[in-house]
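# Residue-level structure breakdown
Residue strings, one per chain:
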Amino acid sequence: MLSHITPLLERNRVFAENGTWRNTPRLPFLPFKGLYLITCIDPRTDPADFLGLQFSEAIVARTVGGRVTDAVIQDLAYIGYLVETLAPEGPYFEVAVIHHTNCGSRLLEEPELRHGFAERSGYDEAMLARLPASVPGESVKADIEKIFSAPQVSSRITVSGHVYHTETGRLETVIEPRLVIEPKIRAQAPERV
Ligand SMILES: [Zn+2]
């Protein structure tokens, strides 16, 4: 069987020879630009393209819709823990959640397709109904709240929200960066009388 990756191995040879890979971040391998990006798996929404990322500048997690799943929370918790224990002086990183317009996750809005996938996979249909990034500005906010309310995530990282527009190639910031600790402080503050 022909491998789809074989034609790209020549590009890998060029990469190996130019030595870019030698410029490695120090332990615990925090990215040079201090960014942890979460975007959709859609091939149009690769941040290496729309943000011009270079080698080791960002951690990139990609899920359907760019949605913050429990597995994403687990990874964020792990990286935050690594910084807290191995490099407590920082620098800490910013998690940028990026959803986009015209997202393929919206195909799950169609009841028949969603029901068929639930039947085929055994995944909960109500959960699948919540997956589509139907209004990306709103789903980004919901996912950022999910990060803020996750007790596993380090309170020293910052979180921001963005929408990538597939019609223009533009990235729009919809939520400015906030420290995770800020909503937690508000939640713990005694009620004013
Ligand atoms: Zn998408």
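Refer to the structure presented above.
The rules behind these values
Residues numbered from 1 in each chain as written. Predicted model: local features only at pLDDT ≥ 70, side-chain atom pairs only at ≥ 80, totals over all residues. Heavy atoms only, no water. Phe/Tyr/Trp six-rings, centres within 6.5 Å; stacked < 30°, edge-to-face > 60°. Helix = DSSP H or I, 4+ residues; strand = E, 2+ residues; numbered from the N terminus. Buried < 20%, exposed > 50% of the residue type's maximum accessible area, 1.4 Å probe, protein only. Donors = N, O, S within 2.8 Å, 3.2 Å for Na, K, Ca; no water. Pairing = 2+ DSSP bridges. Axes fitted to C-alpha atoms, helices over the stretch in contact; angles between N-to-C directions. Contact = heavy atoms within 4.5 Å. Core = buried A, V, L, I, M, F, W, Y, C linked by side-chain atoms within 4.5 Å. Salt bridge = Lys/Arg side-chain N within 4 Å of Asp/Glu carboxyl O.

### A short note on the packing of aromatic side chains
When we look at a pair of aromatic rings, we describe it by the centre distance and by the angle of the planes. Applying the stated criterion to the full structure yields four aromatic pairs. Measuring from ring centre to ring centre gives 4.4 Å for Phe50 and Tyr164, while their planes differ by 20 degrees; the resulting arrangement is stacked. On the criterion of sequence distance, the pair formed by Phe50 in helix α2 (residues 47-50) and Tyr164 in strand β4 (residues 158-164) is long-range, its members being 114 residues apart. Of the two residues, Phe50 and Tyr164, both sit in the buried class.

### Regarding the coordination of the zinc ion
For the zinc ion, the protein coordination sphere consists of Cys40 (SG), His100 (NE2) and Cys103 (SG), at 2.0 to 2.2 Å. Spacing between the donor residues of the zinc ion along their common chain follows C-x59-H-x2-C. Here Cys40 is found in strand β1 (residues 35-40), whereas its partner Cys103 is found in the loop between β3 (94-100) and α4 (111-121), with 63 residues between them in sequence. The exposure class assigned to Cys103 is buried, which follows from its relative accessible area of 4%.

### Quick word on the pairing of β1
Counting buried positions along β1 gives five out of six residues, so the element sits mostly inside the fold. Here six bridges tie β1 to strand β2 (residues 58-63), and the two strands are oriented parallel to one another. Note on β2: the bridge partner recorded for Thr39 is Arg62. For β1 and β3, the ladder comprises four bridges, and the chain directions are parallel. What sits directly across from Ile38, in β3, is Val97.

### Overview of the sheet that holds β1
Spatially, five strands are ordered β2-β1-β3-β4-β5 in an open sheet, and the strand pairing comes out mixed. Of all the strands in the sheet, just β2 and β5 (171-179) have a single pairing partner and so form its edges. Sheet twist, expressed as the mean angle between neighbouring strand axes with direction ignored, is 15 degrees. Where β3 meets β4, seven bridges bridge the pair, whose relative direction is parallel. Residue Ile98 lies in a different strand from β4, and its bridge partner there is His162. On top of the sheet, helix α3 (residues 70-86) reaches β1, β2 and β3; it is set at about 170 degrees to β1, its chief contact. The strands touched by helix α6 (residues 136-148) are β3, β4 and β5; relative to β3, the strand with the most contacts, the crossing angle is about 150 degrees.

### Thoughts on the nonpolar core
By size, the foremost hydrophobic cluster in this structure holds 25 residues, and its most contacted members are Phe93, Val95 and Ile147. In terms of residue count, the dominant contributor to this core is α3 (six residues). The residues touching Phe93, leaving out its near neighbours within four places in the chain, are Leu30, Gly34, Tyr36, Leu76, Ile79, Gly80, Val83, Ile157 and Thr158. The next biggest cluster of nonpolar side chains, apart from the first, holds seven residues, and it includes Leu37, Phe50, Ala96 and Ile98.

### Some thoughts on the pairing of β5
Both β4 and β5 contribute to a ladder of six bridges, which runs antiparallel. Counterpart to Gly161 in the pairing with β5 is Ile175. Once β4 ends, the chain turns through six residues before running back antiparallel as β5, passing Gly169 with a positive phi of about 80 degrees.

### Notes on the environment of Ile79
Relative to the helices and strands, Ile79 is located in helix α3. A sequence separation of 90 residues divides Ile79 from Gly169, and the C-alpha atoms of the two residues are 30 Å apart.

### Describing the pattern of salt bridges
One pass over the full model with this rule turns up eight salt bridges. Residues Arg44 and Asp42 are paired through a salt bridge, measuring 2.6 Å at the closest nitrogen-oxygen approach. A residue is classified by how much of its surface remains accessible, and Arg44, at 39% relative accessible area, is partly exposed. A salt bridge links Glu125 to Arg114; its shortest N-O distance comes to 4.0 Å. A residue pair is termed long-range when its members are at least 10 positions apart, and Glu125 in helix α5 (residues 125-129) and Arg114 in helix α4 qualify at eleven residues. For Glu125, a relative accessible area of 27% gives the class partly exposed.

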